[in-house]
Amino acid sequence: MKSAVKRIGVLTSGGDAPGMNAAIRSVVRASMHMGIECLGIRRGFNGLITGDITSMDFVQTSGLIGRGGTVLYTARSEEFKTDEGRKKAANTCKLFGLEGIVGIGGDGTYRGLLEFSNQEGVAVVGVPGTIDNDIACTEYTIGYDTACNTALEAIDRLKDTMQSHERCSVVEVMGRHAGHLALYVGVACGATAVLIPEKKIDFERDVVEPIRAARLAGRTHFMVIVAEGVGSSYDVAAKIKEYTGLDPRVTVLGHVQRGGSPSARDRMEATYMGYNAVELLAQGKTNRVVAMQKGAYVDYDINEALAMKKGIDERVYTVLRALIGAEDKLNI
Ligand SMILES: Nc1ncnc2c1ncn2[C@@H]1O[C@H](COP(=O)(O)OP(=O)(O)OP(=O)(O)O)[C@@H](O)[C@H]1O
Ligand SMILES: O=P(O)(O)OC[C@H]1O[C@](O)(CO)[C@@H](O)[C@@H]1O
Ligand SMILES: [Mg+2]
């Protein structure tokens with residue numbers, strides 16, 4: 001097959017995620033395999049505006065599969081949200097002969113790609129990379145598995161000291177708008193309670209009663225997981241003190257969740273999705289995003305992808321609540 005594009009660029013944008021490097025490696029090597037030259041665009045869309053471009057080849061991508069962070073750096077670019085910013089980016093594409101862009105990032109990155117392609121006609125494909133797993137069109141985003149495991153490891157350590165001191169711990173997990181990470185980690189660590197932005201909170205029902213149920217069952221330490229998007233975990237801790245008399249300790253896991261060597265799953269997803277993204281450009285397609293649905297790799301039009309809505313997995317939420325003793329007993 002003769003590729004529809006001869007030279008493309010790859011960039012990472014928005015918050016970084018473990019596996020972004022593996023995706024870059026895959027995009028560069030898949031390009032070479034398909035007879036396409038792939039340049040690295042540094043610092044997200046800012047690099048496209050300023051012409052911060054570097055050549056990438058087989059050797060430069062060696063060893064990237066297991067490295068955390070992104071060697072291309074990432075950024076949140078306000079200038080790219082303006083017509084003038086995107087015009088400068090289009091001039092960079094002309095200068096370097098870039099006919100297509102692979103953007104690895106979250107929903108904001110997809111919006112940027114879409115605006116750019118609509119305004120300047122450059123072919124674009126998005127690859128989902130964010131620890132939040134909050135991109136509606138895909139069941140999985142690169143970085144999520146590693147972030148879940150990083151958070152879990154930290155929480156397991158916390159549990160040891162909480163158990164020794166018979167304390168209550170409030171742990172804030174990342175997720176500005178989404179509770180996927182908090183919910184998954186909450187289930188996996190056997191949390192006493194989990195608070196996520198997708199669910200309206202009744203403090204008595206969702207926090208106090210589960211703590212009480214655990215105490216009645218003989219437990220003397222409690223783990224409350226709070227998604228960042230719910231609000232201040234310090235406020236949650238103060239409220240627990242007010243309602244129960246316990247004196248919780250707060251841990252904000254923060255950006256540690258975005259670092260580290262990617263898990264096997266993230267390396268695999270990054271590798272497949274990176275390859276698929278280049279294949280789409282080679283086939284002359286544009287405005288696409290690669291995704292996973294029902295365990296299979298698919299792709300969508302970006303408009304369609306951005307119009308989709310993603311809720312939390314209700315089944316997981318139901319199981320969580322049943323296991324922490326927060327659900328009504330079922331008559332079965
Ligand atoms: N409407 C838009 N038009 C042009 N560019 C946009 C638009 N929305 C976002 N972008 C660009 O995409 C960048 C990344 O978006 P954002 O900061 O929302 O992160 P993200 O890709 O959603 O990742 P994450 O949420 O995981 O950090 C923005 O900094 C901006 O440069
Ligand atoms: O790098 P920043 O701007 O602190 O981003 C923090 C945000 O990034 C995310 O981790 C997504 O990458 C959110 O969960 C979090 O709110
Ligand atoms: Mg986002």
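In this text, all values refer to a predicted model and were calculated from it rather than measured experimentally.

What counts, and where the lines are drawn
- Residues numbered from 1 in each chain as written.
- Chains lettered and ligands numbered in written order.
- Predicted model: local features only at pLDDT ≥ 70, side-chain atom pairs only at ≥ 80, totals over all residues.
- Heavy atoms only, no water.
- Helix = DSSP H or I, 4+ residues; strand = E, 2+ residues; numbered from the N terminus.
- Rg over C-alpha atoms; globule rule 2.2 N^0.38 Å.
- Buried < 20%, exposed > 50% of the residue type's maximum accessible area, 1.4 Å probe, protein only.
- Contact = heavy atoms within 4.5 Å.
- Areas by Shrake-Rupley, 256 points an atom, 1.4 Å probe, with all protein chains shown as cover.
- Lys, Arg positive; Asp, Glu negative; His and termini not counted.
- Charge placed at Lys NZ, Arg CZ, Asp CG, Glu CD.
- Salt bridge = Lys/Arg side-chain N within 4 Å of Asp/Glu carboxyl O.
- Pairing = 2+ DSSP bridges.
- Axes fitted to C-alpha atoms, helices over the stretch in contact; angles between N-to-C directions.
- UniProt positions renumbered as here; feature names shortened; annotations may be inferred.
- Near = heavy atom within 4 Å.
- Polar contact = N/O pair within 3.5 Å; in protein donor to acceptor, adjacent residues only side chain to side chain.
- Nonpolar A, V, L, I, M, F, W, Y, C, P; charged D, E, K, R; others polar.

Asks: How do you make sense of the overall build of the protein chain when you look at a structure like this?
Replies: Regarding its fold elements, the protein chain presents eleven helices and eleven strands. Taking 332 residues into account, the globule formula puts the C-alpha radius of gyration at 20 Å, and the protein chain, at 22 Å, falls close to it. Looking at the 332 residues of the protein chain, the share that counts as buried comes to 52%. In the protein chain, 75% of the contacts between residues at least 6 apart in sequence involve partners at least 24 apart. Just so you have it, the protein chain exposes about 15000 Å², and 50% of that area is on carbon and sulfur atoms. When the 39 basic and 40 acidic side-chain charges of the protein chain are each reduced to a single mean position, those positions are 2 Å apart.

Asks: Hey, could you run me through the pattern of salt bridges in this one?
Replies: A side chain with one charge can pair with a side chain of the opposite charge if their charged atoms come near. Summed over the entire model, instances satisfying the criterion amount to 20 salt bridges. A salt bridge links R321 to D206; the shortest N-O distance between them is 3.0 Å. Linking R321 in helix α11 (residues 314-323) with D206 in helix α7 (residues 203-216), this pair joins segments that are 115 residues apart in sequence. Each member of the pair, R321 together with D206, is buried. Beyond isolated ion pairs, a larger network of salt bridges with shared partners links R42, R43 and D52.

Asks: Is there a simple way to think about the sheet that holds strand β11 (residues 296-301) in this case?
Replies: By way of backbone hydrogen bonds, the strands of a sheet pair with one another, either parallel or antiparallel. Ordered by their spatial adjacency, seven strands build an open sheet running β3-β2-β1-β4-β5-β10-β11, and the pairing between neighbours is mixed. Of all strands in the sheet, those bounded by a partner on one side alone are β3 (53-55) and β11. Recorded for the sheet is a direction-independent mean angle of 30° between the axes of neighbouring strands. Taken together, the six bridges between strand β10 (residues 288-293) and β11 define a ladder with antiparallel strand orientation. Across the sheet, Q293 pairs through a bridge with A296, a residue of β11. Across the sheet, helix α1 (residues 20-33) lies against β1 (7-12), β2 (37-41) and β4 (100-105), angled at about 175° from β1, the strand it touches most.

Asks: Quick question: what am I supposed to make of the UniProt feature "active site" (unreviewed entry) in the protein chain here?
Replies: The sites that carry the UniProt feature "active site" (unreviewed entry) are, in the present numbering, D132. Note on placement: D132 falls in the loop between β5 (123-128) and α5 (144-165). Contacts of D132, omitting those with residues within four sequence positions, involve Y144, M174, G175, R176, A178 and H180.

Asks: What should I look at first to understand the site of ligand 1 in this one?
Replies: Neighbouring ligand 1 are 17 residues; G15, R76, S77, D107 and T109 lie closest to it. Within the backbone of G15, a nitrogen or oxygen atom sits 2.8 Å from an oxygen atom of ligand 1. One of the side-chain N or O atoms of T130 is found 2.8 Å from an oxygen atom in ligand 1. When residues of the shell around ligand 1 are assigned to their parent elements, the largest contribution, six residues, is made by helix α4 (residues 107-120). Among the residues forming the shell around ligand 1, the class breakdown is two nonpolar, nine polar and six charged.

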